[in-house]
Amino acid sequence: MNNSMDFLLWVKGPAFEIALFIFVAGILIRVIEILLLGRKADLSEARSSDVRAGIRTVLNRSIPESGILKKAPFVIIVGYLWHICWFISFFLFVPHIEVINYLLGISWPGLPNQFVDTAAVIAMISLLAMLIYRFNHPVLRFISTREDYLVWLVTFLPLLSGYFAFHHTFEPYAMLLGLHILSVELFLVIFPFTKLMHVITVLMARWYNGVSLGRKEPENQEVQS
Amino acid sequence: MTNVVIAEESKGKLNLERGLNAFREQIDAPVAAFFSSCVHCGLCAEACLFYTETGDPRYTPINKLEPLKRIWEQEYTLWGRAKKALGFAKPVTDELLEQWEPLIYDACSLCGRCSEICPVGNDISGMIRKTREGMVASGHAPEGLVGASFRAVKTGSPMGVKLPALQAQIRHIEADTGMTIPIDVQGADYMALLSSMEIINFPEYIEALAKIFNQAELNWTLCSEAFEATNSGIQIGSSDIAQELVERVVRGAEKLGVKTVISPECGHAYTAIRWEGPNLIGRKYPFKVVHILELLDELKAAGRLKTSSKESMSVTLHDPCQVVRKGGVRAQPRELLKLVNDNLHEMPDAGKMNWCCGGGGGVSANERAEPLRLKVFKRKRDQIESADVEAVVTFCANCRMMLEEGLEHYDMDMPVYSLTEMIADHLEPSVEEPSAVNVEEEDNE
Ligand code: SF4
Ligand code: SF4
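Fair warning: this is a prediction, and the values are worked out from it, not measured in the lab. (Residues numbered from 1 in each chain as written. Chains lettered and ligands numbered in written order. Predicted model: local features only at pLDDT ≥ 70, side-chain atom pairs only at ≥ 80, totals over all residues. Heavy atoms only, no water.)

A. Structural context of the sheet that holds strand S6 (residues 391–394) of chain B. All names here are of chain B. Read across the open sheet, the 3 strands follow the order S5-S6-S7; overall the sheet is parallel. With partners counted over all chains shown, the strands left at the sheet margins are strand S5 (315–318) and strand S7 (416–418), one partner each. Each neighbouring strand pair of the sheet contributes to a mean axis angle of 30°, computed without reference to strand direction. Relative to S7, S6 runs parallel, the two being bridged by 3 bridges. Opposite Val-393, over in S7, you have Tyr-417 as the bridge partner. (Pairing = 2+ DSSP bridges. Helix = DSSP H or I, 4+ residues; strand = E, 2+ residues; numbered from the N terminus. Axes fitted to C-alpha atoms, helices over the stretch in contact; angles between N-to-C directions.)

Below is the structure:
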């Protein structure tokens, strides 16, 4: 018992601080690295506002084009399900909000635990489904790298350990909670150096796509259609 | 400058080191943001006809970017540099580039569908265009395209069309119709460009322009020093060559002092002169550039484009990628078609998300790619079949060639028309009178 208490204290204390530091510093480095590369101004005469097109693409790209929805419904629907349920499990679970409040001093209302519990289960199932799909789809199997599988694992572990901790599946609880926090730390540490960065850079990517292609679009035309 | 590239090609000076430098020059913030964001979801494959029609996962758009991605990761990220220092990085070698050459040139028409589909917003098509810069500089571009670029720099046209060939076509048209085709008219309002495909295979396009512009009383001209709009520098991915070809047009237009340059129907010509041109030469143009269909639409709105008859034949409209998806000329073709035909049956995904003919981006000039191109044309064939029509109308001479060849390959007997020519065929008859005076009299009535 003592051992697991010590472990919990360590993951909550020094380990968490180190992980958080790598997470924040890593993200900053990555973002600055990108921005410093800069881009040349486009000298061709724009047909419409590139700023509007940039904003439009940042927002609209979350809505799948109808043709692709028909061609790849699994990736899109499970992808949606995964992102929403992960968001609920992480950001709308009351104990998580308390941690964030403690760290940043901001908080928001959470959802009932039972609801979050269901979301976590759906998130895990969709993640598993995507893994199986990745193994079996010729394109996904072909383009997947070790990083994809590592990221999968590191994303899955916090959900699984969190689920176990919430249900007190094993004893001692301190050990379970410690493992959960440790898995989150692992997630934070690899975040800046893997495709997990897309959470941040997706905004930049969509923006750049929007401004460079959108300036050729006729005014008042939606990106879709 | 450009001749240097070609000359050095033959001297073997295009080498890996030059290629790597060319790759490095292409890395900018958007490229870094795109590579950082890719989640390997595979959706871009479903957008690309080279994958959907072959099922070959190597044709997944993001996979075509492996060389550029390696350079970015290993040299432009802290993490990648660390991995490289520790010996974990796979280098970009001649073998890699050789292996990727068919993916980057034969299996990409720069159609831009992937860039519209990627959920994180990666402009994959734009990056393939960038990757080609490194491919040419390292000597890994397909022979067909190298030949076309060589001819373009030497003779002014990728198909080797010289001024006498154009003059011969002009004489033919003038003899047949009695019209005069203006050439080198100082101070004209408009200067029209042509694509070599039009001069050689579809000279009716020139005749169509003359008829329409006569009726509209447009003050236009051709330029003997800059009539070619096709830019094989862009297709092969050499900014040097592309820049020289754009410079020619700009010099010609400046010399004649025209206000507007008219891009031909040809999609890549339009992209080259309208969008890439100013960036290639590093300055804004002192004139405007319009696509021919944009101009026709303006003329129509001003009541200067008058047609007198319509066809009832059922047609479908093939949207050239560079004009419609990547060029934003989208409503005009449909409005213009209504002038001459009221029996349009759209194909699935028509408009912005149309499927490519398979021959854009230099694929049609690359003989090695022909079997693959005809194979992936299956997508277009199926689309045309589902529209169940008597003819296809399009507005790009290259698409038109590709459609004709593809339809023939799949034993579909169906004519392919140019929209501009179709309109010219249905102009009010009076305008076919040769002299401008008559036209004025008609107008005064
Ligand atoms: S669609 Fe975009 S995110 Fe998905 S694999 Fe292709 S480039 Fe990567
Ligand atoms: S631009 Fe078109 S042909 Fe090229 S990779 Fe993208 S979808 Fe495929």
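After presenting the structure, the write-up continues.
B. Representation of the confidence of the model for chain B in the model. Residues and elements named next belong to chain B. With 93% of its residues at a pLDDT of at least 70, chain B reaches an overall mean of 91. With pLDDT under 50 throughout, residues 431–445 is counted as low confidence; its partners more than four residues away or in other chains account for 12 contacts. Across the predicted assembly, pTM comes out at 0.92 and ipTM at 0.95. (pLDDT = per-residue confidence, 0-100. Contact = heavy atoms within 4.5 Å.)

C. Up close: the site of ligand 2. All residues in the neighbourhood of ligand 2 are listed as B:Cys48, B:Phe50, B:Pro61, B:Lys64, B:Cys108, B:Ser109, B:Leu110, B:Cys111, B:Gly112, B:Cys114, B:Ser125 and B:Ile128. Residues that form the shell around ligand 2 fall into these classes: 8 nonpolar, 3 polar and 1 charged. (Near = heavy atom within 4 Å. Nonpolar A, V, L, I, M, F, W, Y, C, P; charged D, E, K, R; others polar.)

D. Focus on the domain arrangement of chain B. All names here are of chain B. Domain boundaries assigned for chain B yield domain 1 (2–141), domain 2 (157–301) and domain 3 (315–425). A straight line from the C-alpha centre of domain 2 to that of domain 3 covers 22 Å. If you look at the interface, domain 2 gives 26 residues, while domain 3 gives 28 residues. Both faces combined, the contact of domain 2 with domain 3 buries some 2,300 Å², and carbon together with sulfur accounts for 68% of it. The largest contributions to the domain 2 side of the interface with domain 3 come from Phe-202, Glu-265 and Leu-293, which together make up 27% of the buried area. At the boundary of domain 2 with domain 3, the tally comes to 2 salt bridges. (Domains from an automatic or database assignment. Buried area = accessible area lost by both parts, 1.4 Å probe. Salt bridge = Lys/Arg side-chain N within 4 Å of Asp/Glu carboxyl O.)

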